[in-house]
Amino acid sequence: MRYAALLRGINVGGNRKVAMADLRELLAGLGYDAVTTYLQSGNAVFSTAGSSPAALAAAIEERVAERFGAPVRVIIRTGAQLAGVVGASPLPDGPQNPSRFFVAFLSAAPDPRAVQDIEAQAFGPDRIWVSGAQAYLWCPGGAAGTPLTHSFIEKRLGVTATARNWNTVTKLVSLTSG
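Residues numbered from 1 in each chain as written. Predicted model: local features only at pLDDT ≥ 70, side-chain atom pairs only at ≥ 80, totals over all residues. Heavy atoms only, no water.

Some details on the pattern of salt bridges
Tallied over the full model, the rule gives six salt bridges. For Asp-22, the salt bridge identified is with Arg-67, shortest N-O distance 3.6 Å. Placement of Asp-22 in helix H1 (residues 20–29) and of Arg-67 in helix H2 (residues 53–68) is noted, with a sequence separation of 45 residues between them. On the basis of relative accessible area, Asp-22 is assigned to the partly exposed category, the value being 28%. Here Glu-66 ties to Arg-63 by a salt bridge, and the two come within 3.7 Å at their closest N and O atoms. Remark: Arg-63 and Glu-66 occur in helix H2; sequence separation between them is three residues, near one turn of the helix. What makes Arg-63 partly exposed here is its relative accessible area of 32%. Salt bridges here are not isolated pairs; linked through shared partners, they connect Asp-22, Glu-25 and Arg-67. (Salt bridge = Lys/Arg side-chain N within 4 Å of Asp/Glu carboxyl O. Helix = DSSP H or I, 4+ residues; strand = E, 2+ residues; numbered from the N terminus. Buried < 20%, exposed > 50% of the residue type's maximum accessible area, 1.4 Å probe, protein only.)

Written out as structure tokens, the structure reads:
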């Protein structure tokens, strides 16, 4: 089965630097096959059999902490789950600007009351839709100016979150579909 590992907070602003060659080596060392990375922001795709996403995330988190000396949260999605994320987009015709439309992958589906509360709030031109274990974010002014940050989402929804723009999400779908 093909999986995507989404590492939270590496290579952002010069913090928690992890070379993608080192990440590929680490994943291969865990016994995963056909390992590839995408961009420098902690996106890895690999194949393995017989493991749950939670077990995969735990193994990768442990090995990253050992090798790089810093805790990093990892969220795992199967290729089918990623395709489902694209299919469930609240913008069925696609975003006007894919670099301003994000998916925050969540560690678990949040409490429905928290979802109701966050979706009822106004964020200026920005919008958030939560569906299962992901939140879709439309940020027409870009990621730098939005109040819908990782820490805000995590605090309000009570789960870990790591976001990728729509271009990255659709590329990860193609990388996991093979």
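Back to the text.
Section: the packing of helix H4 (residues 112–120) against helix H5 (residues 150–157)
Interaxial distance between H4 and H5 falls to 9 Å at its minimum, and their mutual angle equals 135°. Between H4 and H5, the interaxial angle falls into the category oblique. Contacts from Ala-114, Val-115 and Ile-118 of H4 reach H5 at Phe-152, Arg-156 and Leu-157. Considering only residue class, the contact of H4 with H5 consists of five nonpolar, no polar and one charged. (Axes fitted to C-alpha atoms, helices over the stretch in contact; angles between N-to-C directions. Parallel < 35°, antiparallel > 145°, perpendicular 65-115°, else oblique. Contact = heavy atoms within 4.5 Å. Nonpolar A, V, L, I, M, F, W, Y, C, P; charged D, E, K, R; others polar.)

Thoughts on the pairing of strand S6 (residues 127–131)
By the bridge criterion, five bridges tie S6 to strand S7 (residues 134–138) in an arrangement that is antiparallel. Opposite Arg-127, over in S7, you have Trp-138 as the bridge partner. Connecting S6 to the antiparallel partner S7 that follows it, the hairpin turn spans two residues, and Gly-132 within it adopts a positive phi of roughly 60°. (Pairing = 2+ DSSP bridges.)

Brief notes about the pairing of strand S5 (residues 101–106)
Extensive coverage of S5 is indicated by the burial of six of its six residues. Alternating positions in S5 separate into two faces, Phe-101, Val-103 and Phe-105 on one and Phe-102, Ala-104 and Leu-106 on the other, with burial throughout. Summarising the sheet, S5 and strand S8 (residues 161–165) pair through five bridges and their orientation is antiparallel. Within S8, the position partnered with Val-103 by the bridge is Arg-164.

Observations regarding the layout of surface pockets
Any empty space left between atoms is shown by rolling a water-sized probe over those atoms. Computed from the structure, the second largest pocket encloses a volume of approximately 180 Å³. Taken together, 13 residues form the lining of the second largest pocket, with Val-74, Ile-75, Ile-76, Arg-77 and Ser-107 sitting closest to its centre. Counting residues per element, the ones that place at least two in the lining of the second largest pocket are H2 and strand S4 (74–78). (1 Å grid on protein atoms, 1.4 Å probe; cavity = no way out; pocket = protein on both sides within 12 Å on 5 of 7 lines; lining within 4 Å. Points joined across faces, edges and corners; volume = space filled by probe spheres on them.)

Description of the environment of Leu-30
With respect to the element layout, Leu-30 can be found in the loop between H1 and strand S2 (33–38). You can call Leu-30 partly exposed: its relative accessible area is 23%. As for Leu-30 and Arg-63, which are separated by 33 residues in sequence, their C-alpha atoms are 8.4 Å apart. Sequence-distant contacts of Leu-30, defined by excluding residues within four places in its chain, comprise Ala-59, Ile-60 and Arg-63.

As for the environment of Gly-42
Looking at the element boundaries, Gly-42 is found in the loop between S2 and strand S3 (43–47). On a C-alpha basis, the gap between Gly-42 and Gly-79 in space is 17 Å, while along the polypeptide they are 37 residues apart. Residue contacts for Gly-42: discarding those within four places in its chain leaves Ala-5, Leu-6, Leu-7, Ile-10, Met-20 and Arg-164.

Topic: unusual backbone geometry
Positive phi, close to 50°, is recorded for Ala-34, a residue that is not glycine. Here Ala-34 is to be found in strand S2. Judged by relative accessible area, which is 53%, Ala-34 ranks as exposed.

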